Structure formats: C-alpha cells, structure tokens
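Below, each chain spelled out in residue letters.
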Amino acid sequence: MNSSSDTPPDAEPDAEPDAEPDAAPDAAPDELGPGPYQAVLDQVAPRLRRLRAARGLTLAALSEETGISKSTLSRLESGGRRPSLELLLPLAGAYGVPLDDLVGAPEVGDPRVRLTPHPLPSGGTFVPLTRTPGPLQAYKMIITDRGSEPDHRTHEGYEWLYVLNGRLRLVLAEHDLVLGPGEVAEFDTRLPHWFTSADGRPVEILSLFGRQGERMHVRAKPR
C-alpha cells in the first residue's frame, strides 16, 4: 500500500477510453499555457485527490455518483485535464463541499475597519473614514452645540455634508439653514461658513472634503 496521502485509495487501472466520444481531446498540461490563473488551476488536481482519499471513494464509485467517466476523473486528479465548471460542480456536490474549496478561493479578510476618533477644535468629534491619502477625504463628524454666534471660517476646498442623525444648523455666507436627517449640503469652503447643532443635541454628519476644490457631488440629470 502506498502511504502517500495524495494517492487515490484504489489501484484499479484507468486505461479505459473516455466515455465522452464527442469531447475534444484534452491538451497536455504543458500546452495549457501559463495564464493569470494557472497557479490556481494547478492546485485543483491535488485537492481532488485528497478529497477522494479522505472520503475513501474509488474512481468507479465517484464516476457512478457524478456521471463523469473514470478516465476524465483520473486526468483531473493527475492534472492532465483542465478543470471546468461543468466538471467541478458535480464533484463539489459529491464531496459535499463549496466550490471554493475545490479551486482554493482566497479567504475573505476581516472586513472591520478600526476607526480612531479625534476631537474637533471647535467642539465635537471627527473620525477619518479614508484610509489612504488622496485629493478627497471622508469623515464622520459628531457636532455638539457651539453656541448661537457664528464663528465663520474660510479656507481652500469644497465640502459635501450629509446629515445622518439630529439637526444641523449651517450658516453659509448670507444663508442660515437647518438640515435634518437625509439632507445634503455642498459648498465652496472659500465662502464664510460655520455649523453647529440646531437644537443643543449632538448631530451626526458625513463629510466629503476636497482640499483642492474638487466637487464630490455629481448631478443625476441636467438642470
């Protein structure tokens, strides 16, 4: 008995002709071409061998369950046949594993983003949402009550604000506005502007800011 874990558990010959007479001849492994996914495909054959060995199945039993001929199964396990979706789907069903397990799809990384809050000099908190430097930066802000007397600021850039929760008072040049959840404002930050909570309670907003004056908002239809 061969002790290698990659060796199929049966010793039956696989020289019988393929039961798929209309199929085109398979290319030899060195004729498949490197391709961008060849390294992934090269790992399918040993995975198939390991799965069949772990299940204790013979080629004949697997052929009967999947409807794939023994010679095709043998060539898949030796790397002599390029795996296709039509072949891998019934094999995944027979082994009771996701298709990803046969092709070695990469695991999905932890999607959580570790956010670090920072205090705003004028009161409140901001959390940078953009993780890489670039012309546009995204922030979540929690704005507290900054009083009733506007302290106008001007600087280079363009800002887009979206109110998530609460009521935001925005003073922009001669405009004095109150925005509620779901409302949006965009403005050139060279205009005098100031914002605060409109009712004394914290207000949560999303902010997209471009230091060089990029516009974050694209209109869906012409004026």
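Residues numbered from 1 in each chain as written. Predicted model: local features only at pLDDT ≥ 70, side-chain atom pairs only at ≥ 80, totals over all residues. Heavy atoms only, no water.

### Focus on the overall build of the chain
Here is step 1: Each helix and strand in the chain was counted, giving six helices and nine strands.
Here is step 2: Within the chain, contacts between residues at least 6 apart in sequence are counted, and of these 64% link residues at least 24 apart.
Here is step 3: In the form shown here, the chain has an accessible surface area of approximately 14,000 Å², with 55% of it arising from carbon and sulfur atoms. (Helix = DSSP H or I, 4+ residues; strand = E, 2+ residues; numbered from the N terminus. Contact = heavy atoms within 4.5 Å. Areas by Shrake-Rupley, 256 points an atom, 1.4 Å probe, with all protein chains shown as cover.)

### Side note on the confidence of the model for the chain
Here is step 1: Looking at the chain as a whole, its pLDDT mean stands at 79, while 75% of the residues score no less than 70.
Here is step 2: Low pLDDT (under 50) marks residues 1-33, which in the prediction has 44 contacts with non-local residues, meaning those over four places away or in another chain.
Here is step 3: Long-range and interchain partners of residues 216-222, a stretch whose pLDDT sits below 50, account for ten contacts in this model, where long-range means more than four residues apart. (pLDDT = per-residue confidence, 0-100.)

### Re the packing of helix α3 (residues 59-66) against helix α5 (residues 85-95)
The angle between the axes and the distance between the axes are what describe a pair of packed helices.
Here is step 1: For the pair α3 and α5, the least separation of the axes is 10 Å and the interaxial angle reads 110°. Regarding the angle of α3 to α5, the classification is roughly perpendicular. Contacts between α3 and α5 involve Leu62, Glu65 and Thr66 from the former and Pro90, Leu91, Ala94 and Tyr95 from the latter.
Here is step 2: By residue class, the composition of the contact of α3 with α5 is five nonpolar, one polar and one charged. (Axes fitted to C-alpha atoms, helices over the stretch in contact; angles between N-to-C directions. Parallel < 35°, antiparallel > 145°, perpendicular 65-115°, else oblique. Nonpolar A, V, L, I, M, F, W, Y, C, P; charged D, E, K, R; others polar.)

### Points about the sheet that holds strand β2 (residues 124-128)
Here is step 1: What the six strands build is an open sheet, ordered β1-β2-β3-β9-β4-β7; its pairing is antiparallel. Both outer strands of the open sheet, β1 (118-119) and β7 (184-188), are each paired with one neighbouring strand and no more.
Here is step 2: Note: β2 against strand β3 (residues 136-143), five bridges, orientation antiparallel. Bridge pairing in β3 places Thr125 opposite Ile142. (Pairing = 2+ DSSP bridges.)

### Some words on the packing of helix α2 (residues 44-55) against α5
Here is step 1: Interhelical geometry of α2 versus α5 gives an angle of 30° and a closest axis separation of 11 Å. Taken together, the axis directions place α2 and α5 in an arrangement best described as roughly parallel. Handedness of the crossing formed by α2 with α5: left-handed. Contacts from Val44, Leu48, Leu51, Arg52 and Arg55 in α2 reach Leu88, Leu91 and Tyr95 in α5.
Here is step 2: Counted by class, the contact of α2 with α5 contains six nonpolar, no polar and two charged residues. (Left-handed = near helix turned anticlockwise from the far one by under 90°.)

### Examining the packing of aromatic side chains
Here is step 1: One pass over the structure, following the stated rule, counts two aromatic pairs.
Here is step 2: Summarising the aromatic geometry, the rings of Phe126 and Tyr139 are spaced 5.9 Å apart at their centres and angled 70° between planes, so their arrangement reads as edge-to-face. One end of the pair, Phe126, is in strand β2; the other, Tyr139, is in strand β3, with 13 residues separating them in the sequence.
Here is step 3: The class for Tyr139 is buried, based on a relative accessible area of 15%.
Here is step 4: Summarising the aromatic geometry, the rings of Trp160 and Tyr162 are spaced 6.2 Å apart at their centres and angled 15° between planes, so their arrangement reads as stacked.
Here is step 5: When its relative accessible area of 17% is taken as the criterion, Trp160 is described as buried. (Phe/Tyr/Trp six-rings, centres within 6.5 Å; stacked < 30°, edge-to-face > 60°. Buried < 20%, exposed > 50% of the residue type's maximum accessible area, 1.4 Å probe, protein only.)

### Some points on α5
Here is step 1: Of all the positions in α5, only Leu87, Leu88, Leu91, Ala92, Ala94 and Tyr95 are classed as buried. Each buried residue of α5 lies within a common arc of 160° when the element is viewed along its axis, so the set occupies one face. Exposed side chains of α5 directed beyond 90 degrees from the buried face belong to Glu86 and Gly93.
Here is step 2: Phi for Gly96, located one or two positions after α5, is positive at around 70°. (Arc of directions from axis to C-beta.)

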